[in-house]
Amino acid sequence: MGKRALERRLSAVAEFEEPRVELEQYPTPADLAAHLVHLADIHGDIGGKTVLDLGTGTGVLAIGAATRAPSRVVGLDRDSAALRQATENERRVDPAHSIDWVLGDGTDVPLCPDDPVTVLMNPPFGAQRGNEHADRAFLETTAAVAGVSYSIHNEGSMAFVESFTADEGGEVTHAFRAELPLSRQFEFQRRERTVLDAEVFRIEWR
Ligand code: SAH
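This one's a predicted model, so the numbers in the text were calculated from it and none came from an experiment. (Residues numbered from 1 in each chain as written. Predicted model: local features only at pLDDT ≥ 70, side-chain atom pairs only at ≥ 80, totals over all residues. Heavy atoms only, no water.)

Caption draft 1: Examining the site of the ligand more closely. The full set close to the ligand counts 20 residues, and Q25, T28, G55, D77 and G106 are the nearest of them. One of the side-chain N or O atoms of Q25 is found 2.9 Å from an oxygen atom in the ligand. G106 places a polar main-chain atom, nitrogen or oxygen, 2.8 Å from a nitrogen atom of the ligand. Against a free-state accessible area of 580 Å², the protein chains account for coverage of 98% of the ligand. (Near = heavy atom within 4 Å. Polar contact = N/O pair within 3.5 Å; in protein donor to acceptor, adjacent residues only side chain to side chain. Areas by Shrake-Rupley, 256 points an atom, 1.4 Å probe, with all protein chains shown as cover.)

Laid out in structure tokens, this is it:
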């Protein structure tokens, strides 16, 4: 399946019904999710791997990976309402591979996989009070479990991500910008549509 076809399938994924601001619940749009999954797949980072989507939300990245040939896909989030939506989204898209939805904390992952792990994530950016540095904690988990990861961060994260990765003995192999168009979800967002500038990284950890 090509990228366009994947994007079409992922556009069936419904967003958060009642997004929770403190958990920074912003969904990845279908085009960016399809792009990430496609990129990971052609790099050989999905086939035969355990794909872990940390902070899976409504599940778009996990579901995208499950349309390819992973050995296992796990979508983890600490919000049970999001996971219910993710389960419904899995049913709608009906990927070839089934997904294990796990209720848990992205900073403390109970996973001891035998095969190599690829983390695919659009984690909380750590921009909300009470959730500062959430992105750092998610990267710490990633460094502990992943061989390779793809992650979406807010603009201006490059220096932090590069130094964190270098400290862990890893390497940022790809970095690119992306736009996250956000429909108005929260009261404090004044405009109907805002576009958030984001940065995406592929990291080899070991
Ligand atoms: N990955 C999804 C959702 C991104 S929004 C997508 O790409 O569409 C960030 C997600 O992280 C939300 O679903 C939120 O519930 C989850 N989250 C925030 N803090 C978390 C934590 N400490 N542990 C697990 N999930 C968390």
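And the narrative resumes.
Caption draft 2: Representation of the sheet that holds strand 2 (residues 72-77). What the seven strands build is an open sheet, ordered 3-2-1-4-5-7-6; its pairing is mixed. Each end of this open sheet is capped by a strand with a single partner; those strands are strand 3 (99-103) and strand 6 (171-183). Going across the sheet, the axis of each strand differs from the next one's by a mean of 20°, ignoring polarity. Where strand 4 (residues 117-121) lies against strand 5 (residues 148-154), four bridges are found, and the strand directions are parallel. Following the sheet pairing, V119 is matched in strand 5 by S149. (Pairing = 2+ DSSP bridges. Helix = DSSP H or I, 4+ residues; strand = E, 2+ residues; numbered from the N terminus. Axes fitted to C-alpha atoms, helices over the stretch in contact; angles between N-to-C directions.)

Caption draft 3: The nonpolar core, seen in detail. In terms of nonpolar packing, the biggest core is built from 36 residues, with L10, L120 and I152 touching the most fellow members. Going through the elements one at a time, helix 1 (3-10), helix 2 (30-42), helix 3 (60-65), helix 4 (80-93), strand 3, strand 5, strand 6 and strand 7 (193-204) are the ones with two or more residues in this core. The element contributing the most residues to this core is helix 2, with eight residues. Those residues in contact with L120 that sit more than four places away from it in its chain are V37, A40, V51, L52, D53, L54, L61, A65 and Y150. Counting residues in each nonpolar core, the second largest holds 19 residues, with L52, V117, F164 and F201 among its members. (Core = buried A, V, L, I, M, F, W, Y, C linked by side-chain atoms within 4.5 Å. Buried < 20%, exposed > 50% of the residue type's maximum accessible area, 1.4 Å probe, protein only. Contact = heavy atoms within 4.5 Å.)

Caption draft 4: Structural view of helix 5 (residues 134-145). An ideal rise of 1.5 Å per residue puts 16 Å on twelve residues; helix 5 measures up with 17 Å between its terminal C-alpha atoms. Counting buried positions along helix 5 yields nine of twelve residues, so the element is predominantly enclosed. Residues of helix 5 that are buried include every one of A134, D135, A137, F138, L139, T141, T142, A143 and V145, and no others. Looking at the buried side of helix 5, the elements it contacts are strand 1 (50-54), strand 4, strand 5, helix 6 (158-167) and strand 7. (Expected span 1.5 Å × (residues − 1).)

Caption draft 5: Main features of the packing of helix 1 against helix 2. Put simply, helix 1 and helix 2 touch, their axes get as near as 8 Å, and they point 135° apart. Judged by the angle between their axes, helix 1 and helix 2 are oblique. Helix-helix and strand crossings are classified by hand; for helix 1 and helix 2 the assignment is right-handed. Counted together, K3, L6, E7 and L10 of helix 1 and A30, D31, A33, A34, H35, V37 and H38 of helix 2 form the full contact between these two elements. Considered class by class, the residues forming the contact of helix 1 with helix 2 number six nonpolar, two polar and three charged. (Parallel < 35°, antiparallel > 145°, perpendicular 65-115°, else oblique. Left-handed = near helix turned anticlockwise from the far one by under 90°. Nonpolar A, V, L, I, M, F, W, Y, C, P; charged D, E, K, R; others polar.)

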